[in-house]
Amino acid sequence: MGLIDFMIEIHRLYKKYDINDRRAIIAVIDGEMIIPDNSFVVIRGESGSGKSTLLNLLGGLVRPTEGDIIVNGKNLRMLSENELADFRNYEIGFIFQNYNLIPHLTAKDNIIFSLLFKKWKKNKAKTRALELLEDFGMLERAHSKSSIMSGGEQQRVAIARAIAHDPAVILADEPTGNLDSRNSEEVLEIFQELHREQKKTIIMVSHSDSVSRYATLRFVLKDGKLSKESI
């Protein structure tokens with residue numbers, strides 16, 4: 001690919017959501033996004049601007065109706081269903097505003113369960129889970145159910161789960177949206193460390209201006225129009 005390896009490229013995406021025979025919702029991401037490997041990207045936009053649609057497209061959760069989206073050398077529009085499932089499972093780490101942990105499982109078991117789903121051996125998965133919980137200062141909560149944890153604790157576990165399989169790209173959808181300012185800062189510092197120390201490519205969508213200071217690339221999405229901001 002020349003001197004720079006591009007982790008992600010998108011070129012004017014068009015997505016049609018069919019609701020029923022008489023109605024459809026049209027989502028258009030008008031613009032280009034070229035993201036080098038080891039970037040920390042923040043995409044800002046108001047509710048309804050298309051941020052979640054863009055993140056779902058980047059993560060292979062939905063296919064574009066038209067346009068190209070290339071992640072880690074793969075054009076997602078061209079993949080089979082099985083190839084797309086493998087892409088989501090092995091190359092992407094998803095982090096959500098609402099954590100999406102299994103409430104009756106412990107912190108350790110939430111991570112282990114995700115790795116078993118990816119065909120890891122149980123002993124290896126347990127070792128990896130405990131290693132990550134220690135890294136995130138959560139080892140003493142390893143056997144606590146996620147349902148009794150604070151929001152900040154749950155998000156740390158969710159991040160550990162998302163990176164446990166060493167994905168190529170981390171996609172974060174408003175990861176600080178349910179956190180107070182102190183926990184938000186601590187979570188953002190974890191993302192910054194993942195970017196700086198582990199060289200992860202991170203795509204984060206947010207409506208908050210304060211998140212942007214962590215970015216190496218910034219985009220604004222407004223009414224489906226994608227534009228790059230200067231740093």
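In the block above lies the structure referred to throughout.
The notes below deal with the structure included here. Remember, it's a predicted structure, so these values are computed and weren't measured experimentally. (Residues numbered from 1 in each chain as written. Predicted model: local features only at pLDDT ≥ 70, side-chain atom pairs only at ≥ 80, totals over all residues. Heavy atoms only, no water.)

### Focus: unusual backbone geometry
For Asn-72, which is not glycine, the phi dihedral falls at a positive 55°. The residue Asn-72 is located in the loop between β4 (66-71) and β5 (74-75) in this model. Judged by its relative accessible area of 35%, Asn-72 is partly exposed. Even without being glycine, Asp-166 reaches a positive phi, approximately 60°. With respect to the helices and strands, Asp-166 occurs in the loop between α5 (151-163) and β7 (169-173). Residue classification places Asp-166 among the exposed residues on the basis of a relative accessible area of 53%. (Helix = DSSP H or I, 4+ residues; strand = E, 2+ residues; numbered from the N terminus. Buried < 20%, exposed > 50% of the residue type's maximum accessible area, 1.4 Å probe, protein only.)

### Considerations on the packing of aromatic side chains
Counted under the stated rule, the structure contains 1 aromatic pair. A centroid spacing of 6.1 Å and a plane angle of 10° characterise the contact between Phe-94 and Phe-96, whose relative ring orientation is stacked. With relative accessibility at 19%, the residue Phe-94 sits in the buried group. Its end group placed over the ring of Trp-120, Lys-124 keeps NZ or CZ at 4.4 Å from the ring centre. (Phe/Tyr/Trp six-rings, centres within 6.5 Å; stacked < 30°, edge-to-face > 60°. Lys NZ or Arg CZ within 6 Å of the ring centre and 35° of its normal.)

### With respect to the pattern of salt bridges
Opposite charge on two side chains permits them to pair, given that their charged atoms come into close proximity. With the rule as written, the count across this model stands at 11 salt bridges. Arg-63 serves as the salt-bridge partner of Glu-81, at 3.2 Å between the closest nitrogen and oxygen. Of the two residues, Glu-81 is situated in helix α2 (residues 81-91) and Arg-63 in the loop between α1 (51-58) and β4; the sequence distance between them amounts to 18 residues. A residue is classified by how much of its surface remains accessible, and Glu-81, at 53% relative accessible area, is exposed. A salt bridge links Asp-166 to Lys-200, with the nearest nitrogen and oxygen atoms 2.3 Å apart. Here the residue Asp-166 occupies a position in the loop between α5 and β7, and Lys-200 occupies one in the loop between α6 (181-196) and β8 (201-206), the gap between them amounting to 34 residues. Taking relative accessible area as the criterion, Lys-200 reaches 5% and is therefore assigned buried. What you see here is one network of salt bridges that share partners, running through Arg-156, Arg-182 and Glu-186. (Salt bridge = Lys/Arg side-chain N within 4 Å of Asp/Glu carboxyl O.)

### So, the nonpolar core
In this structure, Ile-111, Val-157, Ile-159 and Phe-191 are the most contacted members of the largest nonpolar core, which totals 37 residues. Mapped by element, the contributors of at least two residues to this core are β3 (40-44), α3 (107-117), α4 (122-135), α5, β7, α6 and β8. With 6 residues, the single largest contributor to this core is α5. If you look at the next biggest cluster of nonpolar residues, it comprises 29 residues, including Ile-29, Ile-35, Leu-84 and Ile-92. (Core = buried A, V, L, I, M, F, W, Y, C linked by side-chain atoms within 4.5 Å.)

### Section: the pairing of β3
Taken across its 5 residues, β3 has 5 buried, putting it largely inside the fold. Here β3 shows no split at all, with Phe-40, Val-42 and Arg-44 on one side and Val-41 and Ile-43 on the other all buried. Bridging between β3 and β8 involves 5 bridges; their strand directions are parallel. Within β8, the position partnered with Val-41 by the bridge is Ile-203. With 4 bridges connecting them, β3 and strand β9 (residues 217-222) associate as parallel partners. Bridged to Val-42 within β9 is Arg-218. (Pairing = 2+ DSSP bridges.)

### Quick notes on a negative patch on the surface
A cluster of acidic residues, Glu-134, Asp-135, Glu-193 and Glu-197, forms a negative patch on the protein surface. With respect to the helices and strands, Glu-134 occurs in helix α4. When its relative accessible area of 52% is taken as the criterion, Glu-134 is described as exposed. (Patch = residues over 30% accessible without salt bridge, like charges linked within 9 Å, V, L, I, M, F, W, Y side chains within 5 Å. Areas by Shrake-Rupley, 256 points an atom, 1.4 Å probe, with all protein chains shown as cover. Lys, Arg positive; Asp, Glu negative; His and termini not counted. Charge placed at Lys NZ, Arg CZ, Asp CG, Glu CD.)

### Quick word on the packing of α3 against α4
Close contact between α3 and α4 brings their axes to 9 Å; oriented N to C, the two are set at 135°. In terms of orientation, α3 and α4 fall into the oblique class. Crossing angle aside, the handedness with which α3 passes α4 is right-handed. Where α3 approaches α4, its residues Ala-107, Lys-108, Ile-111, Ile-112, Leu-115 and Leu-116 are matched on the opposing element by Lys-122, Ala-125, Lys-126, Arg-128, Ala-129, Leu-130 and Leu-133. Classifying every residue of the contact of α3 with α4 by side-chain character gives 9 nonpolar, no polar and 4 charged. (Axes fitted to C-alpha atoms, helices over the stretch in contact; angles between N-to-C directions. Parallel < 35°, antiparallel > 145°, perpendicular 65-115°, else oblique. Left-handed = near helix turned anticlockwise from the far one by under 90°. Contact = heavy atoms within 4.5 Å. Nonpolar A, V, L, I, M, F, W, Y, C, P; charged D, E, K, R; others polar.)

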